[in-house]
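Listed here are the chains, written in short residue letters.
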Amino acid sequence: MSMKKLPVGPAEIRVLLSLTSDWTPAGVEAALLQAGWAVAGTPVEWSGGAGSPHFFGDEENGWRLELGDPPGEPGGSLRLPCALSWPALDIDEDADDFDDDFESDVEDVDDLDDEYAESWERDPDADRDAFEDEFARLSNLLRAELGEPDKRTEGLEPEETWHRDGFEIRLEMTDDINSYSHYDLIAIQIRATD
């Protein structure tokens, strides 16, 4: 297996959480420009749904936000992909002989690796435990800002959710729909609930 991740630290978590302070398209876009996650003059296309993801910013900087419905609209959201694991965990949930020590017959070459900017740090020798450790590290960063999550789901796709001031902040480990499940993904999503 291998993993690639963005160098998300306390400063990046604060930028992400600060986007809720002016939850309008103009407010969010201005904050992203100030953080260096976007490029001036680049048109922004807000659009909901995993089938048509849009990214705000320069492909070279790596801080690609998936833009959902626009801020200010019901369900407005954005999501920051933080880490990817390859190959994705291939699990038949109905199988009786599930093997926790899944091994892939796929070559140890990630054919989508060159599609990610240099800011994505690649660890070609990472195992599933390293991916889970990255989830825990991001959880600790969010807990430092938000306290304990309001809800935690365990299992193969863990999820932690905080509810703050009309927003849901969710840390999730799931299939990466944008790569047609080529990767498993850890992401932080902010969604308006009001």
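Shown above is the structure to which this text applies.
What counts as what
- Residues numbered from 1 in each chain as written.
- Predicted model: local features only at pLDDT ≥ 70, side-chain atom pairs only at ≥ 80, totals over all residues.
- Heavy atoms only, no water.
- Phe/Tyr/Trp six-rings, centres within 6.5 Å; stacked < 30°, edge-to-face > 60°.
- Helix = DSSP H or I, 4+ residues; strand = E, 2+ residues; numbered from the N terminus.
- Buried < 20%, exposed > 50% of the residue type's maximum accessible area, 1.4 Å probe, protein only.
- Polar contact = N/O pair within 3.5 Å; in protein donor to acceptor, adjacent residues only side chain to side chain.
- Arc of directions from axis to C-beta.
- Contact = heavy atoms within 4.5 Å.

Caption draft 1: Representation of the packing of aromatic side chains. Considering all chains together, one arrives at one aromatic pair under this definition. Taking 5.1 Å as the distance between ring centres and 80° as the angle between the ring planes, the aromatic pair formed by tryptophan 23 and phenylalanine 167 counts as edge-to-face. Remark: phenylalanine 167 occurs in strand S8 (residues 167-175) and tryptophan 23 occurs in the loop between helix H1 (10-18) and helix H2 (25-35); sequence separation between them is 144 residues. Accessibility assignment for this pair places tryptophan 23 and phenylalanine 167 in one class, buried.

Caption draft 2: Structural context of the environment of serine 21. Structurally, serine 21 is set in the loop between H1 and H2. Along the backbone, serine 21 and aspartate 165 are 144 residues apart, and their C-alpha atoms lie at a distance of 9.9 Å. Within the local environment of serine 21, its side chain forms a polar contact with the backbone oxygen of serine 18, the two atoms lying 2.8 Å apart.

Caption draft 3: Summary view of H1. Residues Ile13, Leu16 and Leu17 constitute the buried set of H1. The arc that holds the buried residues of H1, viewed along the axis, is 95°, so those residues lie on one side. Where H1 is buried, its residues contact strand S3 (65-67), strand S4 (77-86), helix H3 (128-146), S8 and strand S9 (184-192).

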